[in-house]
Amino acid sequence: MAANLIDKDVITALAARAAGIDQSGGNPRLKQVVNRLLADLMVAIDELDISMDEFWCGIAYLTQAGKQNEFGLIVPGVVLEHFLDLRLDEAERRAGLAGGTARTIEGPLYIAGAPTSKAEARLDDGTDDGEVLFMEGQVRGVCGEPIAGAMVDVWHANTMGNYSHFDPTQAAFNLRRRIETDKDGRYRFRSIMPSGYACPPGSQTEKLLQAMGRHGNRPAHVHFFVSAPGYRKLTTQINIDGDKYLRDDFAFGTREELIPQIERITDAAEIHKGGINKPFARIRFDFSMTKEVAGAPVTIVAREHAQAA
Ligand code: BEZ
Ligand code: FE
């Protein structure tokens, strides 16, 4: 066919009717959003001369992605989850909020309800013979005050890049814990060094990325939700320095401020102090939290999570 076959006024009128703009009932916000998205989509179809075959190929793709529950993967892969973070960063800046640990994407692999413990925890169940990782730090407000009783909800992949629950070979809540900071705001955990996640081979996400000449790999990372009464919930990750994909994350999650130094401990006395019998890695990372202020955009996101059985 040809591009630009339809007058823009016709598109505007069609989108408005389809979104029920001329109807009194329904949800006004939903109608506003559907109206805009439909109009933009019709303009794109017309301007790009998207063929019927291309259109229905796209619908079949999305149908299959839905059946395979992959939208949580596709969204970060096409930068939209990172884009939402950039918007929240800017909205906070305009609300006068400054400082604090950088946020980054949650990703689709969080499971609520991990076991809790006070001040320290061991995350791994001992079945994965990876490099031992000790991570520790303090949760503080941006003015430097330690936050006792903050909840550090941590989760990460195993040495294969797989997450418990989604990987049925791992025990329930393996590599997932919630640690409440001690009276000085400190947390500490022992775990294993994760490997980076890769999109499942043959998945709809991988197919799309390959068709765009991209890969579906993330650098190794550890996720955190950090929350405390009176402070804004922080969603973040640390990325493991030296990973091949550190600055080439398919999900756009890496931020320079979130790449801590990794110490490799080989000294026998230190190893002994750590209660283990082989060299280990240590990461020190403090979290800085901004105070909740009236009128600032919320950081507690209503998002569906997979439920542990
Ligand atoms: C992850 O955090 O592992 C992840 C993030 C986005 C897409 C897929 C995985
Ligand atoms: Fe992850």
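Structural data are supplied above this passage.
The shown structure was predicted, so the numbers you read here are calculated from the model rather than taken from an experiment. (Residues numbered from 1 in each chain as written. Chains lettered and ligands numbered in written order. Predicted model: local features only at pLDDT ≥ 70, side-chain atom pairs only at ≥ 80, totals over all residues. Heavy atoms only, no water.)

Caption draft 1: A look at helix α1 (residues 8–18). You can read the cap of α1 off the contacts: a side-chain oxygen lies 2.9 Å from the backbone nitrogen of Asp9, and it is on Asp7. Just downstream of α1 lies Gly20, where phi reads positive at about 70°. (Polar contact = N/O pair within 3.5 Å; in protein donor to acceptor, adjacent residues only side chain to side chain. Helix = DSSP H or I, 4+ residues; strand = E, 2+ residues; numbered from the N terminus.)

Caption draft 2: Spatial organisation of the side chain of Arg177. Within the element layout of this structure, Arg177 appears in strand β5 (residues 176–180). It is Asp124 that comes nearest to the buried, bridge-free Arg177 among opposite-charge side chains, at 8.0 Å. Within the structure, Arg177 has its side chain in polar contact with the backbone oxygen of Phe173 (distance 3.0 Å). Filtering out sequence-adjacent residues up to four positions away, Arg177 remains in contact with Ala114, Pro115, Ala121, Arg122, Leu123, Val152, Asp153 and Val154. (Buried < 20%, exposed > 50% of the residue type's maximum accessible area, 1.4 Å probe, protein only. Lys, Arg positive; Asp, Glu negative; His and termini not counted. Salt bridge = Lys/Arg side-chain N within 4 Å of Asp/Glu carboxyl O. Contact = heavy atoms within 4.5 Å.)

Caption draft 3: Quick look at empty space enclosed by the protein. This model, assessed by the stated rule, comprises 1 cavity of 30 Å³ or more. What the largest cavity holds in volume is close to 100 Å³. As for the largest cavity, its lining consists of 14 residues, and the residues nearest its centre are Gly107, Pro108, Leu109, Tyr197 and Arg218. Looking at the lining of the largest cavity, the elements that each hand over two or more residues are α4 (71–77) and β7 (221–227). Classifying every residue of the lining of the largest cavity gives 9 nonpolar, 3 polar and 2 charged. (1 Å grid on protein atoms, 1.4 Å probe; cavity = no way out; pocket = protein on both sides within 12 Å on 5 of 7 lines; lining within 4 Å. Points joined across faces, edges and corners; volume = space filled by probe spheres on them. Nonpolar A, V, L, I, M, F, W, Y, C, P; charged D, E, K, R; others polar.)

Caption draft 4: Expanded view of a nonpolar patch on the surface. A cluster of nonpolar residues, Met52, Trp56, Ile59, Leu62, Phe71, Val75, Val78, Leu80, Phe83, Leu84, Leu86 and Met212, forms a patch on the protein surface that exposes about 1100 Å² of accessible area. Of all the elements in the fold, those that place two or more residues in the nonpolar patch are α3 (52–67), α4 and α5 (80–94). For Ile59, the position within the fold is in helix α3. (Patch = residues over 30% accessible without salt bridge, like charges linked within 9 Å, V, L, I, M, F, W, Y side chains within 5 Å. Areas by Shrake-Rupley, 256 points an atom, 1.4 Å probe, with all protein chains shown as cover.)

Caption draft 5: Structural context of the sheet that holds strand β1 (residues 116–118). Within the open sheet, the 5 strands sit side by side as β1-β5-β4-β7-β8. Their pairing is mixed. Edge positions in the open sheet fall to β1 and β8 (234–239), since each of these has one partner strand only. Averaged over all adjacent pairs, the angle separating strand axes in this sheet is 25°, with direction ignored. Summarising the sheet, strand β4 (residues 151–156) and β7 pair through 6 bridges and their orientation is antiparallel. Within β7, the position partnered with Val152 by the bridge is Val226. (Pairing = 2+ DSSP bridges. Axes fitted to C-alpha atoms, helices over the stretch in contact; angles between N-to-C directions.)

Caption draft 6: How the structure looks around the layout of surface pockets. Of the voids in this model, the second largest pocket is the one considered here, and its volume is about 210 Å³. Lining the second largest pocket, in full, are Met1, Ala2, Leu5, Ile6, Ile45, Asp46, Asp49, Ile50, Ser51, Met52 and Phe55. Sorting the residues of the lining of the second largest pocket by element identifies α2 (28–48) and α3 as the ones contributing at least two each. The class makeup of the residues in the lining of the second largest pocket is 8 nonpolar, 1 polar and 2 charged.

Caption draft 7: Main features of the pairing of strand β10 (residues 280–284). Within β10, 4 of the 5 residues are buried, leaving the element largely enclosed by the surrounding structure. When strand β3 (residues 132–141) meets β10, the two strands line up parallel, connected through 5 bridges. Across the sheet, the residue bridging to Glu136 is Arg284, located in β10. Pairing analysis gives 3 bridges linking strand β9 (residues 263–265) to β10, with the strands arranged antiparallel. Within β10, the residue paired with Arg264 across the bridge is Ala281.

Caption draft 8: Main features of the packing of aromatic side chains. Here the structure, examined in full by the defined rule, presents 11 aromatic pairs. Grouping aromatic residues by their ring pairs yields a cluster made of Tyr187, Phe189, Phe224, Phe285 and Phe287. Stacked on the ring of Phe225, the Lys or Arg Lys233 has its end atom at 3.8 Å from the ring centre. (Phe/Tyr/Trp six-rings, centres within 6.5 Å; stacked < 30°, edge-to-face > 60°. Lys NZ or Arg CZ within 6 Å of the ring centre and 35° of its normal.)

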